[in-house]
Each structure stands twice: as C-alpha cells, then as structure tokens.
Amino acid sequence: MVVVLGHSVSIFGVDALSLSLRLDALSCIVMTLVAFIGWVIVRYSQPHLAGEARARTYIAWLVATLAAVAVVILTNNLLVLALAWTATSVSLHHLLTFYADRPAALIAAHEQFLYSRVAEICLFTAVILIGASLRTLEITRRTAAAALPLLGS
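From a predicted model like this one, the values you see are computed outputs, not experimental measurements.

1. Digging into the overall build of the protein
Okay, step 1: Secondary structure assignment for the protein yields five helices and four strands.
Okay, step 2: Its helices and strands in sequence order give the protein the pattern β-β-β-β-α-α-α-α-α, from N to C terminus.
Okay, step 3: Look at the contacts in the protein between residues 6 or more apart in sequence, and 58% of them connect residues 24 or more apart.
Okay, step 4: For the protein, the accessible surface area stands at approximately 9,800 Å², while carbon and sulfur atoms represent 75% of it.

And the structure:
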C-alpha cells in the first residue's frame, strides 16, 4: 500500500512542484536503514571529534546529508527528488572537505564534485523530458498509469 500526502502546483500544465511524500513498505525499510547508518556514523564520529573546534559544523553537514537522503527516499516528485539529490551531493562535498589540509580528501572531494555535476545535469535533463512527455512529475501517477495496461491483460 502506498500513502501519498501533500499538494501539487502546476507550471505550464505540468504538475511540476509537488510537496508530497510517498510512504510504502520499501521506503519505510530504507528510511530505517538510513536512520541506523546515520546513528552509527554519529556515534563513531563523537570520539574522533572530541576537542575538534569545528565539530558542530561537521554534525550540521552530516544532519543535512541525512535529511536530504530522507527527502530522496520519501518524495513523490521527480523535481524534488533531483533537488534533494543535489543537496545530498553538496552536503557530502562539505563533509569530504571538512579537513581541508588533507590532500587526499581534497582530491576525492574534487572528483566527487565533478562527477556529481555531470550526473545532476543528466538527472535534471531526464526530469525535464519526463515532465514534458508525461505532463506530470509525480511518481505515483506515473507508476499507476504504467500499471494500467498490465491489469487489463
């Protein structure tokens, strides 16, 4: 069973911005897994951040990353999903560059930044094409429409 809560706004005849959440068994399982992994990371980080002047900054970016991942998991809109994916990427970049004096961390962050921007261009292009062809960006509407031919056979 899928529960959808929220409200959508149409732009140029396309349900472009839908602030709705999709809750089903799979999203509950994945959210539980993300919450558990987030808890493990926070617990593991605490002793290593003891005495660190910027510990609050690290925790803030970690929480931002986890929140963005939660939006990716729970959203019912492809545009919101793409924006949350970008937010996840940006917050991960800040976590990778937390220790800016470590060359290996900076190289990894730079590579992640480049690959992420290319992926986001592709993702937003796909969202635009899907919205233009289907006239909706809501995931549940699209999956329901795709299932109709299968139910008739």
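2. Looking at unusual backbone geometry
Okay, step 1: Unlike most non-glycine residues, arginine 135 shows phi in positive territory, near 65°.
Okay, step 2: Position of arginine 135 among the secondary structure elements: in the loop between helix 4 (103-134) and helix 5 (139-152).
Okay, step 3: Here arginine 135 falls in the partly exposed class, since its relative accessible area comes to 44%.

3. Regarding the packing of helix 2 (residues 55-74) against helix 3 (residues 78-96)
Okay, step 1: Look at helix 2 against helix 3: their axes get within 8 Å of each other, and the N-to-C directions meet at 155°. Comparing the axis directions of helix 2 and helix 3 gives the class roughly antiparallel. Where helix 2 crosses over helix 3, the handedness of that crossing is left-handed. Across the interface between the two elements, Tyr58, Trp61, Leu62, Ala64, Thr65, Ala68, Val69, Val71 and Val72 from helix 2 touch Val80, Leu81, Ala84, Trp85, Ala87, Thr88, Ser91, Leu92, His94 and Leu95 from helix 3.
Okay, step 2: Tallied by class, residues from the contact of helix 2 with helix 3 come to 15 nonpolar, four polar and no charged.

4. Focus: the packing of aromatic side chains
Okay, step 1: Scanning all chains against the criterion turns up three aromatic pairs.
Okay, step 2: Look at tyrosine 58 and phenylalanine 98: their rings are 5.5 Å apart centre to centre, the planes differ by 65°, and that puts the pair in the edge-to-face class. Placement of tyrosine 58 in helix 2 and of phenylalanine 98 in the loop between helix 3 and helix 4 is noted, with a sequence separation of 40 residues between them.
Okay, step 3: We classify tyrosine 58 as buried; its relative accessible area is 15%.
Okay, step 4: For phenylalanine 98, a relative accessible area of 4% translates into the label buried.
Okay, step 5: What links up through ring pairs into an aromatic cluster is the set Tyr58, Phe98 and Tyr99.

5. Description of helix 2
Okay, step 1: A rise of 1.5 Å per residue sets the reference length of helix 2, with its 20 residues, at 28 Å; its end C-alpha atoms lie 29 Å apart and thus fit the reference within 8%.
Okay, step 2: Listed as buried for helix 2 are Ala55, Tyr58, Leu62, Thr65, Ala68, Ala70, Val72, Ile73 and Leu74.
Okay, step 3: Residues of helix 2 that are buried sit in contact with strand 4 (21-23), helix 1 (25-49) and helix 3.

6. Quick notes on the pattern of salt bridges
Okay, step 1: Within the structure shown, the criterion is met by one salt bridge.
Okay, step 2: We note a salt bridge from arginine 117 to glutamate 120, for which the minimum N-O separation is 2.8 Å. Placement of the pair is arginine 117 and glutamate 120 together in helix 4, with a separation of three residues, close to one helical turn.
Okay, step 3: For glutamate 120, a relative accessible area of 6% gives the class buried.

Rules of the game
- Residues numbered from 1 in each chain as written.
- Predicted model: local features only at pLDDT ≥ 70, side-chain atom pairs only at ≥ 80, totals over all residues.
- Heavy atoms only, no water.
- Helix = DSSP H or I, 4+ residues; strand = E, 2+ residues; numbered from the N terminus.
- Contact = heavy atoms within 4.5 Å.
- Areas by Shrake-Rupley, 256 points an atom, 1.4 Å probe, with all protein chains shown as cover.
- Buried < 20%, exposed > 50% of the residue type's maximum accessible area, 1.4 Å probe, protein only.
- Axes fitted to C-alpha atoms, helices over the stretch in contact; angles between N-to-C directions.
- Parallel < 35°, antiparallel > 145°, perpendicular 65-115°, else oblique.
- Left-handed = near helix turned anticlockwise from the far one by under 90°.
- Nonpolar A, V, L, I, M, F, W, Y, C, P; charged D, E, K, R; others polar.
- Phe/Tyr/Trp six-rings, centres within 6.5 Å; stacked < 30°, edge-to-face > 60°.
- Expected span 1.5 Å × (residues − 1).
- Salt bridge = Lys/Arg side-chain N within 4 Å of Asp/Glu carboxyl O.

Treat this as a map of the structure, not an account of what it does.
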